[in-house]
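# Results of the structural survey
Listed below are the residues making up each chain.
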Amino acid sequence: GMNGPARILLVEDKANVRDYVVRLLEQEYDVMAAANGMEALETAVAEKPDLILSDIMLPKLDGFGLLRELRNRPETRATPVVFLSARAGEEESAEGREAGADDYIVKPFTARELTARLRGTLRIHRERRRATEHMNQIFAQAPVAICVFRGPDFVYELANPSYEDLVRGRQIVGRKLADVIPDLEEDVWAALRRALETGEPSVRREWHVPYDSDGDGEPEDHWLNAVCHPLRDSDESIWGVINVVHDITQLVRARKELERVNRELEEFAYVASHDLQEPLRMVNAYSQLLVRRIGSVSHEEAQKYVDFIELGVRRMERLIQDLLSYARTVHADT
């Protein structure tokens, strides 16, 4: 956790190596050990360690297989994984690159090298987690409905309170959109799929989206202003879609406030999809750089990267604070 020594899960099938590494790490960390990939997976899901240090060559489920399984589970999706690699070049294999481990340490290694590299990886992840938590807090306060979907099944990764009010649904994170709102029309699915498959964002105004929000089994008319935008990993692959939705049903019926609400959404969408990406990209780029160079980088240079990461997070917070106070004043006049 954030306080107390970090908890590390070591995965190594050779007892002598396992004992040696456990002894090394115990001085600084709270250490658990597993002898094969399956056991490691069970322990990781149950115990949620801060970092997993794993050999690649393992019985039952090798290191790459373990990493794939960890990434597919919400409990361990973000847990950093560092591989112990028996020979140079193992991490260069396409499989290793694709698996996306956080770091590779080649045997034989010195005790100092091991602890230094682990310390660096843990630090980056703390920064990244802090940035994510800030983003989530900000989304929670935003005066428009925001949700994030992951993957081709459109599983809710995040939904802020405004969004939950919109679909009258609690605890929707982790569920599929099709299960939460079963009666969505084809054009909604088309927009989501387009963003996910082609990276093409869409902005829809006065979008007529009938769905059952009061649970009586009959869809009602809803008009929404919606922005649907792809979310990309650092390697530019699209992993999900963010939706910013403003329910304008009342306004369409009343018509009076429509122009202003549209302008507000447009500016919100512009800032959300444009200005926020810059500092996020900066945080991402320097995190990647730090992870890649953690073994060779000097303490001063590493500190410089961390400062850039913090700067990006602070810039993002400032942008979002401005955005929120702007949104509050707009709403105060309504």
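Below: a short report on this structure. (Residues numbered from 1 in each chain as written. Predicted model: local features only at pLDDT ≥ 70, side-chain atom pairs only at ≥ 80, totals over all residues. Heavy atoms only, no water.)

Think of a sheet as strands paired side by side through backbone hydrogen bonds, with each pair either parallel or antiparallel. Strand order in the open sheet formed by five strands is 7-6-10-9-8, and the pairing between neighbours is antiparallel. Strand pairing shows two members of the sheet lacking a second neighbour, strand 7 (155-159) and strand 8 (202-208), which therefore form its edges. For this sheet the average axis-to-axis angle between neighbouring strands, irrespective of direction, equals 25 degrees. Pairing analysis gives six bridges linking strand 6 (residues 145-150) to strand 10 (residues 238-247), with the strands arranged antiparallel. (Pairing = 2+ DSSP bridges. Helix = DSSP H or I, 4+ residues; strand = E, 2+ residues; numbered from the N terminus. Axes fitted to C-alpha atoms, helices over the stretch in contact; angles between N-to-C directions.)

This brings us to the nonpolar core. Counting 28 residues, the largest nonpolar core has Phe-149, Phe-154, Tyr-156, Tyr-163, Leu-177, Ile-181 and Leu-192 as the members making the most contacts within it. Of all the secondary-structure elements, those providing two or more residues to this core are strand 6, strand 7, helix 6 (161-167), helix 7 (177-180), helix 8 (186-198), strand 9 (223-232) and strand 10. The dominant element in this core, judged by the number of residues it contributes, is helix 8, at six residues. When near neighbours in sequence (up to four residues on either side) are disregarded, Leu-192 contacts Phe-149, Phe-154, Leu-177, Cys-228, Val-241 and Asn-243. (Core = buried A, V, L, I, M, F, W, Y, C linked by side-chain atoms within 4.5 Å. Buried < 20%, exposed > 50% of the residue type's maximum accessible area, 1.4 Å probe, protein only. Contact = heavy atoms within 4.5 Å.)

The side chains of a regular strand alternate, residue by residue, between the two faces of the sheet. With seven of 10 residues buried, strand 10 lies mostly within the body of the structure. Both strand 9 and strand 10 contribute to a ladder of nine bridges, which runs antiparallel. If you follow Asn-225 over to strand 10, its bridge partner there is His-246.

For the rest of this paragraph, the subject is the packing of helix 2 (residues 37-47) against helix 3 (residues 63-71). Close contact between helix 2 and helix 3 brings their axes to 10 Å; oriented N to C, the two are set at 25 degrees. When the axis of helix 2 is compared with that of helix 3, the two are roughly parallel. Pair helix 2 / helix 3 crosses with right-handed handedness. Residues Gly-37, Ala-40, Leu-41 and Ala-44 of helix 2 form the contact with helix 3, whose own contacting residues are Leu-66, Glu-69 and Leu-70. In the contact of helix 2 with helix 3, the residues fall into five nonpolar, one polar and one charged. (Parallel < 35°, antiparallel > 145°, perpendicular 65-115°, else oblique. Left-handed = near helix turned anticlockwise from the far one by under 90°. Nonpolar A, V, L, I, M, F, W, Y, C, P; charged D, E, K, R; others polar.)

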